Amino acid sequence: MPLDLEKLIDEIEKIIKATLKEVLSSVDALSNGLTNEIEKLIKDKFSIKGGKINKTADNIKEITRIKIELEKYTAAGLFTKELKVFEPAFKEIADKILSNYSAFASADAKAMANLIKEQSIELAKEQFIAEGIASEVIPELGNILRTSVIRGQTTSQTMESITELINSGLLPNAAKRITVDGLVTFSREYVGALTKDFNSEWYLYEGPLRATSRSFCESRAGKYWKKSEVESWAKLDWQGKKPGTTKQTIFSLAGGYNCYHILFPVPEEAVPNWYKN
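Notes on the structure follow. (Residues numbered from 1 in each chain as written. Predicted model: local features only at pLDDT ≥ 70, side-chain atom pairs only at ≥ 80, totals over all residues. Heavy atoms only, no water.)

What follows covers the pattern of salt bridges. Applying the stated criterion across every chain yields a total of 14 salt bridges. The partner of K43 in a salt bridge is E39, and the shortest N-O contact between them spans 3.5 Å. Here K43 and its partner E39 are both found in helix α1 (residues 5-45), four residues apart, which amounts to about one turn of the helix. Since its relative accessible area comes to 28%, E39 is described here as partly exposed. Its salt-bridge partner being K91, residue E87 comes within 3.2 Å of it at the nearest N-O pair. Within this pair, E87 and its partner K91 are both found in helix α3 (residues 86-101), separated by four residues, close to a single helical turn. Its relative accessible area of 28% is what places E87 among the partly exposed residues. Counted as one network, the salt bridges with shared partners bring together E13, K17 and R210. (Salt bridge = Lys/Arg side-chain N within 4 Å of Asp/Glu carboxyl O. Helix = DSSP H or I, 4+ residues; strand = E, 2+ residues; numbered from the N terminus. Buried < 20%, exposed > 50% of the residue type's maximum accessible area, 1.4 Å probe, protein only.)

Shown next, in the form of structure tokens:
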């Protein structure tokens, strides 16, 4: 078992912080690419006269087509080329965890963990588009375009509103949430896969506490818990709890959104006696 879980957590946190910095620095490039594509679609799909978008039913119909084309653009991977910073982070974290658990994990456990790593990389990229673009930017884009058609605004006025939308913080906020949650959830699942044959009855809730930490994590961090206790947490309600948290998934989702904590399985002999009484 790991000799120094605090060191492992510290290493994982440093990787996440470095990755988050890279991801956020790439948001400008992502935003520019998205803005340019939207402008291209507006000019291609709308009927425009004298620089103004015509007030026609056909233009209203084109809004749906523009949104579909934008979804195709993102799904085709033209947008995800800037998200390659995720991949090295997953591999770095995997190496750190594996160096602690390699001697203990079976060949089958290592193979499972490797599959989880590859799937987690793709999931993070998909979530950035789905949560950062499809669920936030695209619906609001539709509202802006409808207003532009109804009022017969100029293309420059329309693009000004769209640029304001793109620069409003939706993308950086989504990037931060998906980066942190994706990498920490992966860390938990990778640990779980490598230790799948351990059948531990005890877990250490380990990770950093910060100014934004919720009481759920504050009351559990740095402490040992029986497996049955951890499973019982899923029945509780707390701020930041992720939908789908059950007694099975609590080991992957832990404290929920923006939670850095990991449930590490530990042998009973490593648990201080006062926890057992």
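Next comes the rest of the account.
The subject of this paragraph is the layout of surface pockets. To find the voids left in a structure, one rolls a probe of water-molecule size over its atoms. Of the voids in this model, the largest pocket is the one considered here, and its volume is about 360 Å³. Around the largest pocket, the lining comprises 19 residues; the ones closest to its centre are G192, T195, Y203, K227 and F251. Contributing elements (two or more residues each) for the lining of the largest pocket: α7 (170-194), α9 (227-232), α10 (250-253) and β5 (262-266). Sorting elements by how many residues they give to the lining of the largest pocket places α7 first, with five residues. Its boundaries defined by the atoms lining it, the second largest pocket holds a volume of some 290 Å³. In this structure, the second largest pocket is lined by 17 residues; those nearest its centre are L123, Q127, G182, T185 and K242. Listing elements by their share of the lining of the second largest pocket, those giving two or more residues are α4 (107-134) and α7. Here the residues of the lining of the second largest pocket are counted per class, giving seven nonpolar, five polar and five charged. (1 Å grid on protein atoms, 1.4 Å probe; cavity = no way out; pocket = protein on both sides within 12 Å on 5 of 7 lines; lining within 4 Å. Points joined across faces, edges and corners; volume = space filled by probe spheres on them. Nonpolar A, V, L, I, M, F, W, Y, C, P; charged D, E, K, R; others polar.)

For the coordinates displayed, the defined rule picks out 11 aromatic pairs. Measuring from centroid to centroid gives 5.0 Å for F90 and F186, while their planes differ by 70 degrees, and the two rings are edge-to-face. In this pair, F90 sits in helix α3 while F186 sits in helix α7, placing the two residues 96 residues apart along the sequence. As far as burial versus exposure is concerned, F90 and F186 are alike and both buried. Aromatic pair F104 and F198: ring centres 5.1 Å apart, planes at 80 degrees, arrangement edge-to-face. Placement of F104 in the loop between α3 and α4 and of F198 in the loop between α7 and β3 (202-206) is noted, with a sequence separation of 94 residues between them. Given a relative accessible area of 33%, F104 falls into the partly exposed group. The ring of Y260 is capped by R210, whose NZ or CZ atom sits 3.9 Å from the centre of that ring. (Phe/Tyr/Trp six-rings, centres within 6.5 Å; stacked < 30°, edge-to-face > 60°. Lys NZ or Arg CZ within 6 Å of the ring centre and 35° of its normal.)

Another point: empty space enclosed by the protein. Summed over the entire model, instances satisfying the criterion amount to one cavity of 30 Å³ or more. Estimates place the volume of the largest cavity at around 30 Å³. Of the residues forming the lining of the largest cavity, the biggest block, four residues, is contributed by α1. For the lining of the largest cavity, the class distribution of residues is six nonpolar, no polar and one charged.

Attention now goes to the sheet that holds β5. The three strands lie next to each other as β4-β3-β5, forming an open sheet whose pairing is antiparallel. Each edge of the open sheet carries a strand with a single partner, namely β4 (223-226) and β5. Mean inter-strand twist for the sheet, computed between neighbouring axes without regard to direction, equals 35 degrees. In terms of strand pairing, β3 meets β5 through five bridges, oriented antiparallel. Within β5, the residue paired with Y203 across the bridge is P265. (Pairing = 2+ DSSP bridges. Axes fitted to C-alpha atoms, helices over the stretch in contact; angles between N-to-C directions.)

Moving on, we get to the pairing of β5. Of all five residues in β5, five are buried; the element is thus mostly enclosed. Residues I262, F264 and V266 of β5 are buried on one face, and the alternating residues L263 and P265, pointing to the opposite face, are buried as well.

Both trends apply: most residues other than glycine have a negative phi, and most peptide bonds are in trans. We note that N199 has phi near 55 degrees; this positive angle belongs to a residue other than glycine. Counting through the fold element by element, N199 comes out in the loop between α7 and β3. Backbone geometry places A254, a non-glycine residue, at a positive phi of 45 degrees. Tracing the backbone through its elements, the reader meets A254 in the loop between α10 and β5. On the accessibility criterion, A254 (1% relative accessible area) is buried.

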